[in-house]
Amino acid sequence: MMKTDTAHHRQGRSPLAGEKVSVVEEVFAEVRSLVRRHAADEGQRHLLETALMGLEPHACRSEPVFFVELPLLVYGAIRGDARPAVPLAAAATLLFLGADIFDDLADGDRPVHWDGRSHAEITLAAANVLCALTPLALDALPAPPERKVAMQATLATGLLRMSAGQHSDVTVRQRNQTSAADIEAAVAGKSGEELAIFAALAAQFAAASGEQVEHYAAMGRALGTGAQLASDCYELFTDPESRDLVHGTPTLPIALHRERLGGAEREAFEALLVRARTDEAARGEIRRQLIAGGGLRMCAFIVETCRQGALRSLAFANPREPGAGALRELIGSISFFPLNLPSADPVSGAWHKPQTQEEQIIR
Amino acid sequence: MSREAVGKLIDQWINDTEFRRQMRADPTGAVQRTGARLEPDEWAALSNVDWSLSDEELRGRANFL
């Protein structure tokens, strides 16, 4: 998932545009209200409020903010008005927060707002946010009981899939020579499933049909996968810290490049990866080799493939305008080629929904 | 999920200047002529990638969070 501590600003790319900050503030007010209502005592309330520190400023300055925007836009694309989904965006925010804390723990990261707190307290906060506050946030939604039961099931099954993805991610890192296919599958499981949950919950809350819910979930899955792969490219090629190289974390560009090298070249590249953990010059050489070897171009293409998958699933979900356009813009935000518009009818400008596999292939 | 066909196309892109020219002019046609078997979303992606970008320009686009 896109972690809070790798925040990068992509100004002007949020479909919520000018009202984004006020919407984020509204969502966080709802989250704080949930914490106040449900904390069992003062100590727990303070711990949960600490967990929230850092997330709201991140959400206000970063774009896109999937845990706020995706639930609102999916709901709006089904019902027309996104505003009733603000409490659902609060639930999605809690889900993101809990998963983000667990991710930090897995990576050995410790944001400054946790200073003075023990590892056990941080783990407890993540568990409380994910296992208690998120289901309670869903339970508070104004929806019929049977719909809320279905949403709780979506949350539980989605969390299990996310956990399986996280487990794959952890074991992938422990292996010396991980395949690109394994890395892509782990990203889809971890980051793809998170956005699939956001989108599916929003569709269910909006009383969409089962088929629509599946299409929106598939859209979220493709979007989350592409976004994480794009984020990994940012960390590797743009972020001066290059934390994945420093930590020795194998990401897709590395695995794709390694797989296309022969014996001696591969051994030399492996040695370079080891040096890159402590040597900036080695990190620069890895970037140079990846770019010259086509690793970045291939990743950009794969991210574009994810974007196309998300757009295709969205088209099959029959979204209504203007929410549909906002969702297409959100999906486009992950692309290396944001100015290339998705396939649209050149006369009417209407979004073209492929009818058959042959037609999809021709496109 | 195998990206073998995409990997071969990227290899050809790196090693074959004529293929690069063809990709910039007509990516779908250029790939069809290679006989590559892509997935539907990969075909769709093909025509949305800006093949005119240099390596440095592409690196400048790696700015997602």
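Quick note: structure is the one above.
The structure contained in this document is the topic of the report that follows.

This next bit is on the overall build of chain B. Of the regular secondary structure elements, chain B holds five helices and zero strands. Across chain B, the fraction of contacts at a sequence separation of at least 24, relative to all contacts at a separation of at least 6, is 35%. Accessible surface for chain B amounts to roughly 3300 Å². Of this, 42% is attributable to carbon and sulfur atoms. Charge centroids of chain B, computed over 9 positive and 12 negative side chains, lie 2 Å from each other.

Before going further, it helps to spend a moment on the overall build of chain A. The number of helices and strands found in chain A is 16 helices and zero strands. The 363 residues of chain A split such that 58% are buried. When contacts within chain A are restricted to residue pairs at least 6 apart in sequence, those whose partners lie at least 24 apart make up 74%. Approximately 14200 Å² of chain A is accessible, and the part contributed by carbon and sulfur atoms is 55%.

A few words now on the environment of Glu4 of chain B. Turning to its location among the elements, Glu4 of chain B is positioned in helix α1 (residues 4-15). Residues Glu4 of chain B and Ala36 of chain B, spaced 32 residues apart in sequence, show a C-alpha to C-alpha distance of 9.8 Å.

The next point concerns the environment of Leu272 of chain A. All names here are of chain A. Tracing the sequence through the fold places Leu272 in helix α12 (residues 263-276). In this structure, the C-alpha to C-alpha distance between Leu272 and Ala282, residues ten residues apart in sequence, is 6.2 Å. Residues contacting Leu272, with those up to four places away along its chain left out, are Ala282, Glu285, Ile286 and Gln289.

Moving on, we come to the interface of chain A and chain B. Tallying the contact residues gives 49 residues for chain A and 30 residues for chain B. For the pair chain A and chain B, the summed buried area comes to about 3700 Å², and 62% of that belongs to carbon and sulfur atoms. Contact with chain B buries surface across chain A, with Arg297, Phe301 and Phe337 of chain A losing the most and accounting together for 22% of the total. The salt bridge involving Asp11 of chain B is made with Arg260 of chain A; its shortest N-O contact spans 2.4 Å. Our enumeration of links across chain A and chain B arrives at eight residue pairs in polar contact (both at pLDDT 80 or more).

On to helix α2 (residues 42-52) of chain A. Residue and element names in this part refer to chain A. Those residues of α2 not exposed but buried are Leu47, Leu48, Thr50, Ala51 and Leu52. Near the N-terminus of α2, the side chain that reaches the backbone nitrogen of Gly43, with its oxygen 3.2 Å away, is that of Asp41. One or two residues past the end of α2 sits Gly54, with phi positive at roughly 95°.

Here we come to helix α13 (residues 280-292) of chain A. When the terminal C-alpha atoms of α13 of chain A are compared, their 18 Å separation across 13 residues agrees well with the 18 Å that a helix rising 1.5 Å per residue should span. Of the positions making up α13 of chain A, those classed as buried are Ala282, Arg283, Ile286, Arg287, Leu290 and Ile291 of chain A. Elements that come into contact with the buried residues of α13 of chain A comprise α9 (210-237), α10 (243-247), α11 (252-259), α12 and α14 (295-316) of chain A together with α5 (55-60) of chain B. Two or three places before Ala281 of chain A, at the start of α13 of chain A, stands the capping residue Asp279 of chain A, its side-chain oxygen 2.9 Å from that residue's backbone nitrogen. At the exit of α13 of chain A stands Gly294 of chain A, carrying a positive phi of roughly 90°.

A separate point is the pattern of salt bridges. Per the counting criterion, the structure on display carries 24 salt bridges over all chains. A salt bridge links Glu4 of chain B to Lys8 of chain B; the shortest N-O distance between them is 3.5 Å. Residue Glu4 of chain B and its partner Lys8 of chain B are located together in helix α1, separated by four residues, close to a single helical turn. Per residue, the accessibility class of Glu4 of chain B equals that of Lys8 of chain B, and both read exposed. Connected through shared salt-bridge partners, Glu42, Arg45 and Glu49 of chain A make up one network.

All right, on to the packing of aromatic side chains then. What the rule picks out here adds up to five aromatic pairs over all chains. Between Tyr75 of chain A and Phe205 of chain A, the ring centres sit 5.3 Å apart and the planes meet at 40°, which makes this aromatic pair tilted. Within this pair, whereas Tyr75 of chain A is found in helix α4 (residues 66-79), its partner Phe205 of chain A is found in helix α8 (residues 180-205), the two being separated by 130 residues in sequence. Of the residues examined, Tyr75 of chain A reaches a relative accessible area of 6% and is grouped as buried. The buried category is assigned to Phe205 of chain A, whose relative accessible area is 3%. Both rings, one in Trp13 of chain B and one in Trp51 of chain B, keep their centres 5.3 Å apart while their planes meet at 50°; by these two values the pair is tilted. With Trp13 of chain B in helix α1 and Trp51 of chain B in the loop between α4 (40-46) and α5, the pair connects residues that are 38 residues apart, well separated along the chain. One exposure class covers both Trp13 of chain B and Trp51 of chain B, and it is buried.

Rules used throughout
Sequence order as written defines residue numbering, which begins from 1 separately in each chain. The lettering of chains begins at A and the numbering of ligands begins at 1, in the order of writing. With pLDDT at 70 or above as the cut-off, local features in this predicted model cover only qualifying residues; side-chain atom pairs require 80 or more to be listed or tallied, and sums for whole chains, interfaces and linings still use all residues. The side-chain numbers reported here are obtained from all heavy atoms of the structure, hydrogens and water having been left aside. For helices the rule is a DSSP run of H or I covering at least 4 residues; for strands it is a run of E covering at least 2, with both sets numbered from the N terminus onward. By definition, residues are in contact when any of their heavy atoms lie within 4.5 Å. Only the protein chains shown count as cover for residues, and all accessible areas are computed by the Shrake-Rupley method using a 1.4 Å probe. Only four residue types enter the charge count, namely Lys and Arg as positive and Asp and Glu as negative; His and the chain termini do not. A charged residue contributes its charge at one atom only: NZ of Lys, CZ of Arg, CG of Asp or CD of Glu. Between buried and exposed lies partly exposed: a residue is buried under 20% and exposed over 50% of the maximum accessible area for its type, with that area taken using a 1.4 Å probe on protein chains only. As used here, buried area is the combined drop in accessible area, with a 1.4 Å probe, of two parts when they are placed together. A pairing counts as a salt bridge when a side-chain nitrogen of Lys or Arg comes within 4 Å of a carboxyl oxygen of Asp or Glu. In the analysis that follows, any N or O atom pair within 3.5 Å is treated as a polar contact, provided that within protein one partner can donate a hydrogen and the other can accept it, and provided that, for residues neighboring in sequence, both atoms belong to side chains. To estimate how far a helix should reach, multiply one less than its number of residues by 1.5 Å. Each pair of aromatic rings taken from Phe, Tyr and Trp, with Trp reduced to its six-membered ring, is defined by centres within 6.5 Å and is described as stacked if the planes are under 30 degrees apart, edge-to-face if over 60, and tilted in the remaining cases.

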